[in-house]
Amino acid sequence: MLSSAMRRSGKVSGLENSLLSGGCACGAVRYELAGVPGFSFLCQCRRCQRATGSGHAPAFKVEQEDLSLTGTLTSYEVTADSGHSVSHEFCPVCGSPVRSVTTQFPETCSLYAASLDDPSVFKPTCVIFQSSAQPWDHVDPQLIK
Ligand SMILES: [Zn+2]
Ligand SMILES: [Zn+2]
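Okay, so let's go over this structure.

Calculation notes
- One numbering rule holds for all chains: residues counted from 1, following each sequence as written.
- Lettering of chains starts at A and numbering of ligands starts at 1, both following the order in which they are written.
- Per-residue local features of the predicted model are confined to residues with pLDDT of at least 70, and side-chain atom pairs are confined, for both listing and counting, to 80 or more; whole-chain, interface and lining totals are unaffected and use all residues.
- At least two bridges found by DSSP between two strands are what make those strands a pair.
- Secondary structure follows DSSP: runs of H or I at least 4 residues long count as helices, runs of E at least 2 residues long count as strands, and numbering of each begins at the N terminus.
- Fitted lines through C-alpha atoms give the axes, limited to the stretch in contact for helices. The angle between two N-to-C directions lies from 0 to 180 degrees.
- By definition, residues are in contact whenever their C-beta atoms, placed on the basis of the backbone, come within 7 Å of each other.

## Looking at the sheet that holds strand β10 (residues 126–128)
Strand order in the open sheet formed by 7 strands is β6-β7-β8-β9-β4-β3-β10, with mixed pairing between adjacent strands. Two strands close off the open sheet at either side, each with one partner strand: β6 (74–79) and β10. Mean inter-strand twist for the sheet, computed between neighbouring axes without regard to direction, equals 30 degrees. One ladder, built from 2 bridges, connects strand β8 (residues 97–102) with strand β9 (residues 108–112); its direction is antiparallel. From the neighbouring strand, arginine 99 faces β9, where its bridge partner is leucine 111.

Listed below in structure tokens is the structure:
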């Protein structure tokens, strides 16, 4: 259980700000986040590799109702191994990945950590889909479980 003191200070996850904001590179898409973000992770699946052009996507889960987003995202939908559809959403102007949503958990979404105005507040707690990791993509070994 979290103590009420911890909750008051907002220090309940790796992301400790009570109001986080972010957006794409060109500013056409902006968001503000109320509430405390959840699960923070690095995803090494092939979909995230292609979406980010990198070895993994740093991302965190939020409740859709805590997210207020302005601007329009373009989405590209794929079917995951689970059979659920996953939409990778990006800015149609500058191409920055901003959000990913899945029909498996429709009440939540994932935001890409580098879309935050202050990405340094992101603190991943684990690595997922490590089975498709690239040999050149080195992550903090303490995150590998
Ligand atoms: Zn943009
Ligand atoms: Zn992924």
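So that's the structure; there's more coming.
## Quick look at the environment of proline 119
Checked against the element boundaries, proline 119 lands in the loop between β9 and β10. C-alpha of proline 119 to C-alpha of glycine 22: the two residues are 97 residues apart in sequence and 8.8 Å apart in space. Beyond its immediate stretch of four places on either side in the chain, proline 119 contacts Ala113 and Ala114.

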